[in-house]
Amino acid sequence: MSNLDQLTAADVQLMQGLAQRVTALRPDLVNSDASFGELAWNWGKGHAADGASWRRRLWFVDGELVAWGWAQLPRRVRRSDGSVKDVTGAYLAYQVHPGHAGLVDEVIDWYDATAGDVERTVLPGAADRVALERWAAHGYETDPGALGDDGSWTQLNERDLGDVAEPVLPDGFRFRTADEVGPEAAVRAHVDAWSPSTYTAESYEGVRRAAGYRGDLHVLVEAPDGTMASSTIMWLDGANRTVEFEPVGTHPAYRRRGVARAMLLHGMRLARAAGATHATVACLGAPGHPQARDLYYGVGFRELSRDAPMIKPAIGTASRPGARPEAGGR
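Residues numbered from 1 in each chain as written. Predicted model: local features only at pLDDT ≥ 70, side-chain atom pairs only at ≥ 80, totals over all residues. Heavy atoms only, no water.

Asks: An account of the overall build of the protein chain is needed here, citing residue identities and associated values.
Replies: For the protein chain, the count of helices and strands is 9 helices and 15 strands. Taken against the 2.2 N^0.38 rule, which gives 20 Å for 330 residues, the C-alpha radius of gyration of the protein chain at 19 Å falls within 12% of a compact globule. Taking all 330 residues of the protein chain together, the buried fraction comes to 55%. Counted over contacts in the protein chain with a minimum sequence separation of 6, partners at least 24 positions apart contribute 73%. Put simply, the protein chain shows about 13,900 Å² of open surface, and 49% of that area lies on carbon and sulfur atoms. Here the protein chain holds 35 positive side-chain charges and 43 negative ones, and the gap between their average locations is 2 Å. (Helix = DSSP H or I, 4+ residues; strand = E, 2+ residues; numbered from the N terminus. Rg over C-alpha atoms; globule rule 2.2 N^0.38 Å. Buried < 20%, exposed > 50% of the residue type's maximum accessible area, 1.4 Å probe, protein only. Contact = heavy atoms within 4.5 Å. Areas by Shrake-Rupley, 256 points an atom, 1.4 Å probe, with all protein chains shown as cover. Lys, Arg positive; Asp, Glu negative; His and termini not counted. Charge placed at Lys NZ, Arg CZ, Asp CG, Glu CD.)

Asks: Outline helix α2 (residues 36-50), supporting the account with residue identities and numerical values.
Replies: Its 15 residues give α2 an end-to-end C-alpha distance of 20 Å, which sits within 8% of 21 Å, the value for a rise of 1.5 Å per residue. Maximum bend of α2: about 30°, positioned at glycine 44. Listed as buried for α2 are Phe36, Gly37, Glu38, Leu39, Ala40, Trp41, Asn42, Trp43, Gly44, Lys45, Gly46 and Asp50. (Expected span 1.5 Å × (residues − 1). Bend = angle between axes of the 7 residues up to and from the residue.)

Asks: Report on the nonpolar core, specifying residues and quantitative values.
Replies: Formed by 38 residues in total, the largest nonpolar core has its most connected members in Met15, Trp68, Trp70, Tyr204, Val207 and Trp235. Counting contributing residues per domain, this core is built from domain 1 (9-148) and domain 2 (159-306), each supplying no fewer than three. In terms of nonpolar packing, the next biggest core, distinct from the first, is built from 30 residues, Val164, Ala229, Phe245 and Val248 among them. (Core = buried A, V, L, I, M, F, W, Y, C linked by side-chain atoms within 4.5 Å. Domains from an automatic or database assignment.)

Asks: Explain unusual backbone geometry to me, and be specific about the residues and the numbers.
Replies: Here the bond from serine 195 into proline 196 is cis, since omega is -5°, no more than 30 degrees from zero. Checked against the element boundaries, proline 196 lands in the loop between α6 (183-194) and α7 (201-209). A positive phi angle, close to 55°, is found at aspartate 62, a residue other than glycine. The topology assignment puts aspartate 62 in the loop between β1 (54-61) and β2 (64-72). Here the phi dihedral of arginine 256 falls at roughly 60°; this positive angle occurs in a residue that is not glycine.

Asks: Run through the pattern of salt bridges, naming residues and quoting values.
Replies: Side-chain pairs of opposite charge can arise where the charged atoms are in close proximity. For the coordinates displayed, the defined rule picks out 16 salt bridges. Aspartate 112 is the partner of arginine 120 in a salt bridge, and the nearest nitrogen-oxygen pair spans 3.0 Å. For the pair formed by arginine 120 and aspartate 112, the shared burial category is buried. A salt bridge links arginine 188 to aspartate 192; its shortest N-O distance comes to 3.0 Å. Pair noted here: arginine 188 and aspartate 192 are both in helix α6, with a separation of 4 residues, about one helical turn. Residues participating in the shared-partner salt-bridge network are Arg174, Arg176, Glu180 and Glu222. (Salt bridge = Lys/Arg side-chain N within 4 Å of Asp/Glu carboxyl O.)

Asks: Residues and numbers for the UniProt feature "domain: N-acetyltransferase" (unreviewed entry) in the protein chain, please.
Replies: Look at the UniProt record and you will see "domain: N-acetyltransferase" (unreviewed entry) annotated at residues 173-315. As a span, residues 173-315 carries 34% helix and 30% strand, and end to end its C-alpha atoms are 54 Å apart. (UniProt positions renumbered as here; feature names shortened; annotations may be inferred.)

Asks: A description of the side chain of serine 203 should follow, citing residues and the corresponding values.
Replies: As for its placement among the helices and strands, serine 203 is situated in helix α7. Assessed through its relative accessible area of 6%, serine 203 is described here as buried. Excluding anything up to four places from it in sequence, serine 203 contacts Gly44, Lys45 and Thr198.

Asks: Please set out the environment of glycine 162 residue by residue, giving values where relevant.
Replies: Inspection of the secondary structure assignment puts glycine 162 in the loop between β8 (154-160) and β9 (174-177). On the basis of relative accessible area, glycine 162 is assigned to the exposed category, the value being 64%. Along the sequence, glycine 162 and arginine 269 sit 107 residues apart, while their C-alpha atoms lie 9.6 Å from each other.

Given below as structure tokens:
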């Protein structure tokens, strides 16, 4: 891979800038892996381990970024429990400014040439009719596996921050921040919630380096025994006065006890104090994955947009149930 193909922290900042412009214009057209916070989270946690399998291309008009593609190619993934998973297909995260929709064809051509003859998946937004037509014209079809009852498609949820209920924790629990508890506890909180996980101390260092990370907006709930029972990172987009929760996770031993609900409400109040007037959070949208969706709906979020998963089989193979590669926790 040449240096021109590498995805750098500076590239991600440009991509976040495009996310901010699209959010201001058409928030329903921000692709699920192309939001301000999702870009920072995915690059930060994965660049050290997976960066060698990433390729990227940026498109500029008059010096301004208007489109980008981030291809994640086949690789081997190592998890915290010692298991290994081989990702055999390619996945594309991308975004095209709606004012330059004609570039979608260039993004698709680049992805096909870069990925080669492997199964290719992509998640255009369901509201992006132009993109859906162009992907179909290039041989991509609806991914039936991803859209099944236990499928992997994602929906983005939103709410305003005008009236946020008082958070109530169980007795003996307390709110903390990553600035207070330190890196080791912050990493352990994520790994406990998402085990088996690819997250490491090195991953967290990347997250802390990503544009938009704030340790005071990285919120945790500490149990009476010192265990970090739940955690979330909030990514504040000051230009749009919106905050994005990504990821949100709870230790299995502390689920269904109200800690995640209290943490989200507490986080929204912190975000409002930091200047946000609006919040978003993503979750799996399929009927077979109701837990996170019910949690977010219970604190006032409602669906804003959703993925429309598409797939292009490798030559000589039929479509098979697809899964989006190792995303961050939701």
